[in-house]
Amino acid sequence: MQTITNIAESPIQTIHHPTLDKYGLTLLVKRDDLLHPVIQGNKWRKLKYNILHLKKAGLGELVTFGGAFSNHLYATSMACKLFAIKGRLIVRGPEIDLHNPTLKMASACGLTLHPVSRVEYRQRNQPEYIKTLQAKFNNAYLIPEGGTNALALQGVEELAHSLPQSDYVMTAVGSGGTIAGLTSGLPNHTQVLGVTVLKGAEYLAQEIHELITAQRCAPWQLLHNFHHGGYAKTTPELLSFCHEMKVKCRLPLEPIYTGKLFYAIFTLAKQGYFKKGSVITAIHTGGLQGLDGLRYLENKKST
């Protein structure tokens, strides 16, 4: 039987590519997309210690937040089913489309979906709104949107400790929890680079500073020029790159998070950003279910 603590560590894949050979770089990929068929990547890292806390505290259910195609909601749904936790999802948007593959999965796992207006959803981090939810679901444990909190960082630090010695560790950045955990868990001779997937995400730097609790941490930097138009936006170049990586390097990517990360790595390599001989470890944060969401949206447009 699957337990919270016996999900095996993910493998490391070495990427072979002419661009890396030309610039004398070693690119390793921490394949966290292979942690579990559904509860994968940074979402499992963030959920692990939150679920352990919920169980230890004897709480009856979990409440969390996300958009209709959220990787966090998708992973949380399977985690609730697998570990026998009652779950409630507060979903941005006034209506539930149960044909949406993410919400269909959540419903199949037995979670209760609570659609809210976008106006109400903006209150998700407000103390008064949180108090209202805690009063309404008085035996529930609340996890923030994206899963980022102190316990989540503990799980990401565990990921950091599993990585090989590297000059650079790189990850895609949405809410900032993953890069904060990596920075806290890596040695100070490793440079941590985060590729933001949102347009205009300069505000994240302050939020990440506030998340980092370690007295000594690895140096880190956010790269803001690889969002390809913004969250869930793509370009033909990005889509072509993702296809090439799957075919030539046997590395499946989606264009929302991981595609932008690896596009940035290869672009920076061609620009001479990395010193020859550098070892780069990239975190594959999972999220491949996003491909189903993109296909669903494309099919809706065409019908």
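The rules we used
Numbers given to residues run from 1 along each chain, matching the order in which its sequence is written. Side-chain atom pairs in this predicted model are given and counted only at pLDDT of 80 or more, local residue features only at pLDDT of at least 70, and totals for whole chains, interfaces and linings cover all residues. Only hydrogens and water are set aside; all other atoms, that is, all heavy atoms of the structure, feed into the side-chain values. Two strands pair if DSSP finds at least two bridges between them. Helix and strand definitions here come from DSSP, where helices need a minimum of 4 consecutive H or I residues and strands a minimum of 2 consecutive E residues; each element is numbered from the N-terminal end. Throughout, an axis means a line fitted to C-alpha atoms (over the contacting stretch in the case of helices), and angles, computed between N-to-C directions, take values from 0 to 180 degrees. Any pair of nitrogen or oxygen atoms within 3.5 Å is treated as a polar contact; in protein, a donor-acceptor pairing is required on top of that, and neighbouring residues in sequence qualify only through side-chain atoms on both sides. Take a side-chain nitrogen of Lys or Arg and a carboxyl oxygen of Asp or Glu: if they are within 4 Å of each other, that pair is a salt bridge. Exposure is judged per residue with a 1.4 Å probe applied to protein chains only, and the accessible area is read against the type maximum: over 50% gives exposed, under 20% gives buried, and values in between give partly exposed. Residues enter a nonpolar core if they are buried and are Ala, Val, Leu, Ile, Met, Phe, Trp, Tyr or Cys, with the set joined through side-chain atoms within 4.5 Å. Whether two residues are in contact is decided by their heavy atoms, any of which lying within 4.5 Å being enough.

One open sheet holds the 6 strands; their spatial order is β1-β2-β10-β7-β8-β9, and the pairing between them is mixed. Strand pairing shows two members of the sheet lacking a second neighbour, β1 (12-15) and β9 (220-223), which therefore form its edges. The sheet shows a mean angle of 25 degrees between the axes of neighbouring strands, taken without regard to direction. Relative to strand β2 (residues 26-31), β1 is paired through 4 bridges, and the arrangement is antiparallel. Looking at the pairing, T14 lines up with L28 of β2.

Before going further, it helps to spend a moment on the side chain of R124. Among the structural elements, R124 can be located in the loop between α5 (118-121) and α6 (127-136). Polar side-chain contacts of R124 include one of 2.8 Å to the side chain of E145.

What follows concerns the side chain of S166. Mapping S166 onto the fold places it in the loop between α7 (150-161) and β7 (168-173). A polar atom in the side chain of S166 sits 2.6 Å from the side chain of T281.

Turning to the pattern of salt bridges, a few remarks are in order. Opposite charge on two side chains permits pairing when their charged atoms draw close. Following the criterion strictly, the structure yields 11 salt bridges and no others. Where R124 meets E145, a salt bridge forms, and the shortest distance between an N and an O atom there is 2.8 Å. Taken together, the residues R124 in the loop between α5 and α6 and E145 in the loop between β6 (140-142) and α7 connect sequence positions 21 residues apart. E145 gets classed as partly exposed once you look at its relative accessible area, which sits at 27%. R295 is the salt-bridge partner of D292, the closest N and O atoms lying 2.6 Å from each other.

All right, on to the nonpolar core then. By size, the foremost hydrophobic cluster in this structure holds 32 residues, and its most contacted members are L27, M170, F262 and F274. Listed by contribution, the elements that provide at least two residues to this core are β2, β7, β8 (191-196), α10 (236-249), α11 (258-270) and β10 (279-284). Excluding residues that lie within four positions of it along the chain, L27 makes contacts with Q13, T14, I15, L20, F262, I265, F266, I280 and A282. In this structure, W44, C80, C109 and Y141 belong to the second largest nonpolar core, which totals 27 residues.

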